[in-house]
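For reference, the chains in residue letters:
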Amino acid sequence: MPKLRVHNISVSLDGYAAGPNQDLDNPMGVGAMPIHDWVFATRAGQAMMGGDGSGIEPTLDDDFITAGVAGIGATIMGRNMFGPIRGSWGDDQWKGWWGPNPPYHHDTYVLTHHPRSSIVMEGGTTFHFVTDGIEAALQRAFESADGEDVRLGGGTSAIQQYLRAGLVDEMHVAIAPILLGSGERLFDNLGAAVDGYTCSQVATTGAAAHVRLTKT
């Protein structure tokens with residue numbers, strides 16, 4: 001049965017997955033970009049972002065990045081992950097952080113309260129904007145995935161909504177060895193929503209501690 005999976009979500013030692021005050025200059029919030037340094041340092045991470053990582057020796061970090069895209073047929077993300085625009089979409093010029101060829105290469109569903117027409121990008125990515133809730137987005141994503149799994153890309157609020165609804169089947173969280181001090185904590189205010197998960201894997205590298213949580 002297809003799953004909803006969360007992969008490669010980075011958090012600081014004090015649990016923050018994003019810093020405060022997201023804007024064009026700070027896509028992850030102020031001070032938060034270093035929690036993703038483990039991704040940027042890998043061959044797989046460089047390739048995912050359109051770079052040439054051929055000179056980088058593969059590591060266990062690469063394995064987690066590769067596992068995060070294996071068997072994925074569609075992606076869901078929150079509006080904050082798509083961009084810093086709030087309210088209505090205005091002139092519709094904003095098409096995401098990733099340039100003309102985003103790294104998804106399949107149907108990608110953006111949660112929002114404001115309608116917007118779908119955007120067809122290069123490389124097979126099409127952004128669809130879903131205004132009727134997380135369950136509707138998941139249903140459409142499963143239909144697009146055609147038997148493969150769906151990846152929940154983030155951000156923090158979107159992941160928390162799906163956790164509270166009991167819809168996330170497994171998670172991979174990468175804990176970076178830095179402190180942020182403020183921002184958005186991944187596991188804040190979830191109460192009993194996390195009771196049904198067990199730690200099925202822990203692995204450490206010089207760049208991050210990788211924790212895999214599985215719904216029981």
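Scroll up a little and you will see the structure.
Caption draft 1: Main features of helix α6 (residues 156–164). Of all the residues in α6, the buried ones are T156, A158, I159, Q160, Y162 and L163. At the exit of α6 stands G166, carrying a positive phi of roughly 70°.

Caption draft 2: Highlighting the nonpolar core. One finds I76, L152, Y162, V168 and M171 to be the most contacted residues of the largest nonpolar core, which totals 31 residues. For this core, the secondary-structure elements that each account for two or more residues are β1 (4–11), β3 (72–78), β4 (107–111), α5 (134–145), β7 (149–154), α6, β8 (170–175) and β11 (209–215). Non-local contacts of M171, meaning those with residues more than four positions away in its chain, are made with V6, I159, L163, L186, F187, V211, R212 and L213. F82, W89, W94 and F127 belong to the second-largest nonpolar core, a separate cluster that totals ten residues.

Caption draft 3: Representation of the pattern of salt bridges. All chains considered together, the criterion is met by four salt bridges. The partner of D149 in a salt bridge is R5, and the shortest N-O contact between them spans 2.9 Å. Linking D149 in strand β7 with R5 in strand β1, this pair joins segments that are 144 residues apart in sequence. Assessed through its relative accessible area of 7%, R5 is described here as buried. Between D92 and R116 there is a salt bridge, with the nearest N and O atoms lying 3.4 Å from each other. Remark: R116 occurs in the loop between β4 and β5 (119–120) and D92 occurs in the loop between α4 (79–82) and β4; sequence separation between them is 24 residues. What makes R116 buried here is its relative accessible area of 10%. Salt bridges here are not isolated pairs; linked through shared partners, they connect K3, E170 and R212.

Conventions and cut-offs
Residues numbered from 1 in each chain as written. Predicted model: local features only at pLDDT ≥ 70, side-chain atom pairs only at ≥ 80, totals over all residues. Heavy atoms only, no water. Buried < 20%, exposed > 50% of the residue type's maximum accessible area, 1.4 Å probe, protein only. Helix = DSSP H or I, 4+ residues; strand = E, 2+ residues; numbered from the N terminus. Core = buried A, V, L, I, M, F, W, Y, C linked by side-chain atoms within 4.5 Å. Contact = heavy atoms within 4.5 Å. Salt bridge = Lys/Arg side-chain N within 4 Å of Asp/Glu carboxyl O.

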